[in-house]
Amino acid sequence: MAGRGKPGISVRKAPRQARSNQLVDDILTAAARVLAEQGAHRFTTARVAERAGVSVGSLYQYFPNKASILFRLQTDEWRQNVELLCGILEDRSKPPLERLGNLVHAFVRSELEEAEMRVALADAAPFYRDAELADDPRERATGVMRDFMAEVLPDLPVDRREIAMETIKMTMSETGKRISEERHLSERSEVYADAVADMFCAYLDRLSANG
């Protein structure tokens, strides 16, 4: 609607004591359950407060509206997954292609474990689509992936490395999505993850040989 500003998304105040941290954790846990059980369109601060066992006033001390809660759930998910996946790629105690295979398996497992919440958050996205994230964890993921590609393909031109990186990211994303949504695929998720990892490794081997 013309003239509408961006919704107030930021946390109203940061918790400073253990008790306050626990309250925020309780609110977010309750919010995740309400979202999963009742969906984005029945998600309200009143329902979250009731499930968390706190007053709406206490909830509003930390979250100004439902959009801020939903956005926090989404960004927490992004951060958790980014730290997991970046940790795998940055572990130089293992050979690069082994790390890539581990990355694929970890990503697919994550998609399966959090499929229900991801669907709910996707439905909720319109409530916070105008929110701005100052420190987007996905930017860190892209930087780590870019460094990994430079390690594996040091002689390949940068533009070709970028194409290879985007190809891997898109393929992995679509694979995880399909496996998490289709039961006959999810039941053999490890087999499909192995196949995708093998394809990625063969693809990088070919690029390295031709680079």
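Since the model is a prediction, treat every value here as computed from it, not as a measurement.

(A) Structural detail: the packing of helix α8 (residues 158-181) against helix α10 (residues 189-210). The N-to-C vectors of α8 and α10 enclose an angle of 170°; their axes lie 11 Å apart at closest approach. Compared by their axis directions, α8 and α10 come out roughly antiparallel. Here α8 contributes Arg160, Ala164, Thr167, Ile168, Thr171, Met172, Thr175 and Ile179 to the contact with α10, which in turn contributes Ser189, Tyr192, Val196, Phe200, Tyr203, Leu204 and Leu207. Classifying every residue of the contact of α8 with α10 gives 10 nonpolar, four polar and one charged.

(B) Quick look at the environment of Arg178. Here Arg178 shows up in helix α8. Classification of Arg178 by relative accessible area gives partly exposed; the value is 39%. Residues Arg178 and Phe148, spaced 30 residues apart in sequence, show a C-alpha to C-alpha distance of 26 Å. Of the polar contacts made by the side chain of Arg178, one reaches the side chain of Glu182; its length is 2.5 Å.

(C) Representation of the pattern of salt bridges within the structure. As enumerated under the stated definition, the model contains 13 salt bridges in all. Here Asp76 makes a salt bridge to Arg72, at a shortest N to O gap of 2.9 Å. Highlighted residues: Asp76 and Arg72, both in helix α4 (residues 66-89), separated by four residues, approximately one helical turn. Taking the relative accessible area as the measure of exposure, Asp76 reaches 21% and is therefore partly exposed. On the basis of relative accessible area, Arg72 is assigned to the partly exposed category, the value being 25%.

(D) Spatial organisation of the packing of aromatic side chains. Applying the stated criterion across every chain yields a total of zero aromatic pairs. The ring of Trp78 carries the charged tip of Arg138 above its face, separated from the ring centre by 3.7 Å.

(E) Just helix α5 (residues 96-113), in detail. In this model α5 runs 26 Å from its N-terminal to its C-terminal C-alpha over 18 residues, within 8% of the 26 Å that 1.5 Å per residue would give. All buried positions along α5 are accounted for by Arg99, Leu100, Gly101, Leu103, Val104, His105, Ala106, Phe107, Val108, Ser110 and Glu111. Check the buried side of α5 and you find it contacts α4, α6 (115-124), α7 (137-152), α8 and α10.

The rules behind these values
- Residues numbered from 1 in each chain as written.
- Predicted model: local features only at pLDDT ≥ 70, side-chain atom pairs only at ≥ 80, totals over all residues.
- Heavy atoms only, no water.
- Axes fitted to C-alpha atoms, helices over the stretch in contact; angles between N-to-C directions.
- Helix = DSSP H or I, 4+ residues; strand = E, 2+ residues; numbered from the N terminus.
- Parallel < 35°, antiparallel > 145°, perpendicular 65-115°, else oblique.
- Contact = heavy atoms within 4.5 Å.
- Nonpolar A, V, L, I, M, F, W, Y, C, P; charged D, E, K, R; others polar.
- Buried < 20%, exposed > 50% of the residue type's maximum accessible area, 1.4 Å probe, protein only.
- Polar contact = N/O pair within 3.5 Å; in protein donor to acceptor, adjacent residues only side chain to side chain.
- Salt bridge = Lys/Arg side-chain N within 4 Å of Asp/Glu carboxyl O.
- Phe/Tyr/Trp six-rings, centres within 6.5 Å; stacked < 30°, edge-to-face > 60°.
- Lys NZ or Arg CZ within 6 Å of the ring centre and 35° of its normal.
- Expected span 1.5 Å × (residues − 1).

Read these as geometric descriptors, not functional statements.
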